[in-house]
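Residue-level listing of the chains:
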Amino acid sequence: AAPEIAFPRRLPVPAYLLLRRCCRRPCLRAARREEERVPIKQTARDFREACDGGKGWGTCGQWCSEGAAFRVQADALAGMKTLADYTEWAKGLLTPMPDARAEFKSFAVDEDNNRVVVYAVFHGTHTADAGSGAPTGKSVASDYVYVLDFEGSKISSMTKIWNDGHALKQLGWI
């Protein structure tokens with residue numbers, strides 16, 4: 001006769017169920033972190049669309065703290081110290097290039113430093129006179145990066161990383 005097999009009263013829990021139980025809390029914490037991060041992520045998206053869409057400070061200011069700083073190492077923008085100045089400059093850029101648009105390539109949230117980094121390519125053709133001379137008819141495709149620093153849910157400063165000389169040469173402005 002075959003030996004009798006004794007089954008334990010309580011079957012062991014399969015390993016995959018233990019992993020699901022163990023990971024449940026970290027996964028919930030990660031979901032909560034994502035929810036907390038959404039405000040700066042959405043704020044950054046809204047700001048960059050308005051800024052690069054030429055809406056100016058009147059629209060862009062709602063996502064920024066008072067006196068938000070602007071930093072850049074580009075001669076064309078050297079005198080600008082506030083984000084208000086930059087957003088108005090970006091608005092004015094659409095006058096000589098009415099077809100201007102930004103092609104957004106990458107978007108990253110650095111939650112440890114309360115920062116958002118946006119990489120894009122600016123496209124436009126100088127087809128209208130903006131008071132500085134006849135249109136060149138030349139086009140530009142210029143890479144740039146925005147580094148947006150936040151205090152709470154508001155942008156406190158922005159650094160633009162951009163090769164202005166390269167862009168201005170493409171347009172025939174220098």
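Heads up: these notes are all about the structure in this document.

### Some thoughts on the sheet that holds strand E2 (residues 101-110)
Taken together, the 5 strands give an open sheet; going across it, the order is E1-E5-E4-E3-E2, and neighbouring strands pair in mixed fashion. Two strands in the sheet have a free side with no partner beyond their single neighbour: strand E1 (64-72) and E2. Looking at each pair of strands side by side, their axes are set apart by 20° on average, direction ignored. Bridging between strand E4 (residues 139-151) and strand E5 (residues 154-162) involves 8 bridges; their strand directions are antiparallel. Note that in E5 the partner of leucine 148 across the bridge is methionine 158. Against the sheet, helix H3 (residues 83-93) touches E1, strand E3 (115-125), E4 and E5, its axis set at about 55° to E5. Against the sheet, helix H4 (residues 164-171) touches E3, E4 and E5, its axis set at about 150° to E4.

### So, the pattern of salt bridges
Think of it this way: side chains of opposite charge can pair up when their charged atoms draw near. Counting across every chain of the model gives 4 salt bridges. One salt bridge connects arginine 71 with aspartate 149, and the closest N-O pair in it is separated by 3.6 Å. Of this pair, arginine 71 sits in strand E1 while aspartate 149 sits in strand E4, and the two are 78 residues apart along the sequence. The closest approach of N and O atoms between arginine 115 and aspartate 149, which form a salt bridge, is 2.5 Å.

### Here we look at H3
Among all positions of H3, only Leu83, Tyr86, Thr87, Ala90 and Leu93 are buried. An end-on view of H3 places all buried positions within 115° of arc, on one side of the element.

What counts and how
Residues numbered from 1 in each chain as written. Predicted model: local features only at pLDDT ≥ 70, side-chain atom pairs only at ≥ 80, totals over all residues. Heavy atoms only, no water. Pairing = 2+ DSSP bridges. Helix = DSSP H or I, 4+ residues; strand = E, 2+ residues; numbered from the N terminus. Axes fitted to C-alpha atoms, helices over the stretch in contact; angles between N-to-C directions. Contact = heavy atoms within 4.5 Å. Salt bridge = Lys/Arg side-chain N within 4 Å of Asp/Glu carboxyl O. Buried < 20%, exposed > 50% of the residue type's maximum accessible area, 1.4 Å probe, protein only. Arc of directions from axis to C-beta.

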